[in-house]
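Geometric and topological summary
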Amino acid sequence: METELLVIGGGPAGYTAAIRSAQRGLDVTLVEDGNIGGTCLNHGCIPSKALLSATDTVHEMDTAEEMGIYVEPYVDVEEMVEWKDGIVEQLTDGVGSLCRQNGVELVEGIAQFSGDNKVTVNGDQEITFDSAIVATGSRPISLPDFSFDADPIWDSRQALGADQTPPRLLVVGAGYIGMELSTIFSRLGSSVTVVEMLDKPLPQYEEELTQPVYERATDRGIDINFGEAAAEWRRDGNDVVVTTKTEDGETTTYEVDRVLVAIGREPVTNGLNLDAASIETDPNGFIEVDEDGRTSTDHVFAIGDVAGEPMLAHAGMHEGIVAAETLAGRSPPSADAVPAVVFTKPEIATVGLNPGEAAENGIDPVVGKFPFAASGRAMTARETTGFARLVADQDGTLVGGQIVGPEASELIAEITLAVQ
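Residues numbered from 1 in each chain as written. Predicted model: local features only at pLDDT ≥ 70, side-chain atom pairs only at ≥ 80, totals over all residues. Heavy atoms only, no water.

Focus on the sheet that holds strand β20 (residues 366-371)
Test applied: At least two bridges found by DSSP between two strands is the condition for calling them paired. Helix numbering and strand numbering both begin at the N terminus, where a helix is a DSSP run of H or I of at least 4 residues and a strand a DSSP run of E of at least 2. Where helices are involved, their axes are fitted lines through C-alpha atoms of the stretch in contact, as for all axes, and angles between N-to-C directions lie from 0 to 180°. Contacts are assigned to residue pairs with any non-hydrogen atoms lying within 4.5 Å of each other.
The strand order β18-β19-β22-β21-β20 describes an open sheet built from 5 strands, whose pairing is antiparallel. Taken across any chain shown, the strands that pair with only one partner, and hence form the sheet edges, are β18 (340-342) and β20. Going across the sheet, the axis of each strand differs from the next one's by a mean of 10°, ignoring polarity. Judged from the 6 bridges that link them, β20 and strand β21 (residues 387-392) form a sheet pairing that is antiparallel. If you follow valine 367 over to β21, its bridge partner there is valine 391. Relative to strand β22 (residues 398-405), helix α11 (residues 408-419) is tilted by about 175°, and along the sheet it contacts β18, β19 (347-352), β21 and β22.

Pasting the structure below:
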């Protein structure tokens, strides 16, 4: 089989690149080992946001008494998961249809480079190409002695597919995945404990942004313990006993029913045989690329999670468009402002520079901040935690913005446009 452009991986980055390239007149083949849509649509962004929305309804009902509304919700977790799966199926079917409607040839299987201009799929089908885009994504990082094959140990995918709520859940890692899933299971009735080896949750964000999230989580009964790393686990009858250690060697044990390991994600490059195409990776296994997504092999690009930070679906989609436009000989669009969102309660959304980063970049920042506690709309929505903040230079040019509070994931779009 021959094709002008081969795209390996059908997640948001890959299918966006494939569709845009086909729209630009290229003959495109997309190889995907599994359901189109990648982790985001099937096992990440979409299912987690579906369950966050569903459990937010439960939370609203649980706390409606202050408005004079008295409701005692009943949750059928199995039906909730079926509803979530229906959304996923509808979206993945839609993406597959979009690919076919735009003339993208879909091939199911695992692609492995066998040279600079060819791959084998499932070990027997050979595809030669003029150019290629690698978009194989990322997967959860596991811990030593905490194999995801062990029954009580979950990764994020397994947790999002669970049709029962564990009475006691230990979450290892207080990053965005750990905190979002902690929120979901706490709302569903699990007793949730989080252990984090660092000294704060969501360590990539400022403490001013994360403190409201920490306070809300602890108010909801989530127990968060810092400075602890998961060391080992064992069975004790029906209990799963997890031992954690501090840097000083102090140990703590937790008796739980399930353990969710959410300590980060790593690139999926094993099996690609990148050496056959002379494609270089960095020490952490991410494929090294230039600003257009081009790898060390001139006609091969890498986009999305496999190319490193920012590991965000919308960033990967933009990278897919940049690669496609570059391959089509057009000028790619710029993205000076890429927002990031954490769907905790309250939500956190950021774009551009925060005040500290602005100062580090030689800017004497002008900062405007407004608390949601002073907003009438926030009061009527019972969402007064948090604030909106803008960061500008002395000339009034907006260089960044941060929101922690209600609908931050939606509100950040306007600031992003202004910064861009």
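From this point, the discussion proceeds with the structure in view.
Section: the sheet that holds strand β8 (residues 153-154)
Taken together, the 5 strands give an open sheet; going across it, the order is β8-β15-β9-β10-β11, and neighbouring strands pair in parallel fashion. Only two strands of the sheet have a single partner each, and these edge strands are β8 and β11 (223-226). Inspection of the sheet shows strand β9 (residues 168-172) paired to strand β10 (residues 191-196) by 5 bridges, in the parallel sense. Along β10, the bridge assignment pairs leucine 170 with threonine 193. Together, β8, β9, β10, β11 and β15 (258-261) form the strand contacts of helix α6 (residues 176-187), whose direction differs from that of β10 by roughly 165°.

Re empty space enclosed by the protein
Under the convention used in this document: Only protein atoms enter the 1 Å grid used here, on which a cavity is any set of points holding a 1.4 Å probe that cannot leave and a pocket is any open set flanked by protein within 12 Å on both sides along at least five of seven lines; residues with an atom within 4 Å of a point are listed as lining. Grid points are joined across faces, edges and corners, and a volume is the space filled by probe spheres set on the points. Each residue receives one of three labels: charged for Asp, Glu, Lys and Arg, nonpolar for Ala, Val, Leu, Ile, Met, Phe, Trp, Tyr, Cys and Pro, and polar for the others, Gly being one of them.
If you walk through the whole model with that rule in mind, you get 3 cavities of 30 Å³ or more. The volume enclosed by the largest cavity comes to roughly 110 Å³. Around the largest cavity, the lining residues are His59, Met179, Thr183, Ser186, Arg187, Val213, Arg216, Ala217, Arg220, Ile222, Thr344 and Lys345. Ranked by residues supplied to the lining of the largest cavity, first place goes to α6 with 4 residues. For the lining of the largest cavity, a count of residues per class yields 4 nonpolar, 4 polar and 4 charged. Looking at the second largest cavity, the residues that line it are Leu51, Val77, Met80, Val81, Ala159, Ala162, Thr165, Ile184, Phe185 and Leu188. Looking at the lining of the second largest cavity, the elements that each hand over two or more residues are α4 (77-101) and α6. Among the elements that line the lining of the second largest cavity, the one with the most residues is α4, at 3 residues. Per-class residue counts for the lining of the second largest cavity are 9 nonpolar, 1 polar and no charged.

Comments concerning the pairing of strand β5 (residues 118-121)
The sheet contact formed by strand β4 (residues 111-115) and β5 spans 4 bridges and is antiparallel. Looking at the pairing, phenylalanine 113 lines up with valine 119 of β5. Between the end of β4 and the start of β5, which pair antiparallel, lie 2 residues. Pairing analysis gives 4 bridges linking β5 to strand β6 (residues 125-134), with the strands arranged antiparallel. Its bridge partner lying in β6, valine 119 is registered against isoleucine 127. The turn linking β5 back onto β6 is made up of 3 residues, and asparagine 122 within it adopts a positive phi angle of 60°.

What about the pattern of salt bridges?
For clarity, the cut-off: Salt bridges are identified by distance alone: a Lys or Arg side-chain nitrogen within 4 Å of an Asp or Glu carboxyl oxygen. Three labels apply to residues, based on accessible area from a 1.4 Å probe with only protein chains included: buried if under 20% of the type maximum, exposed if over 50%, partly exposed otherwise in between.
A full pass over the atoms with the stated rule returns 19 salt bridges. For lysine 49, the salt bridge identified is with glutamate 180, shortest N-O distance 3.3 Å. Of the two residues, lysine 49 sits in helix α3 (residues 45-62) while glutamate 180 sits in helix α6, which places them 131 residues apart along the sequence. Taking relative accessible area as the criterion, lysine 49 reaches 21% and is therefore assigned partly exposed. The buried category is assigned to glutamate 180, whose relative accessible area is 6%. Here the salt bridges share partners, and the residues they tie into one network are Asp56, Arg187, Arg216, Lys345 and Glu383.

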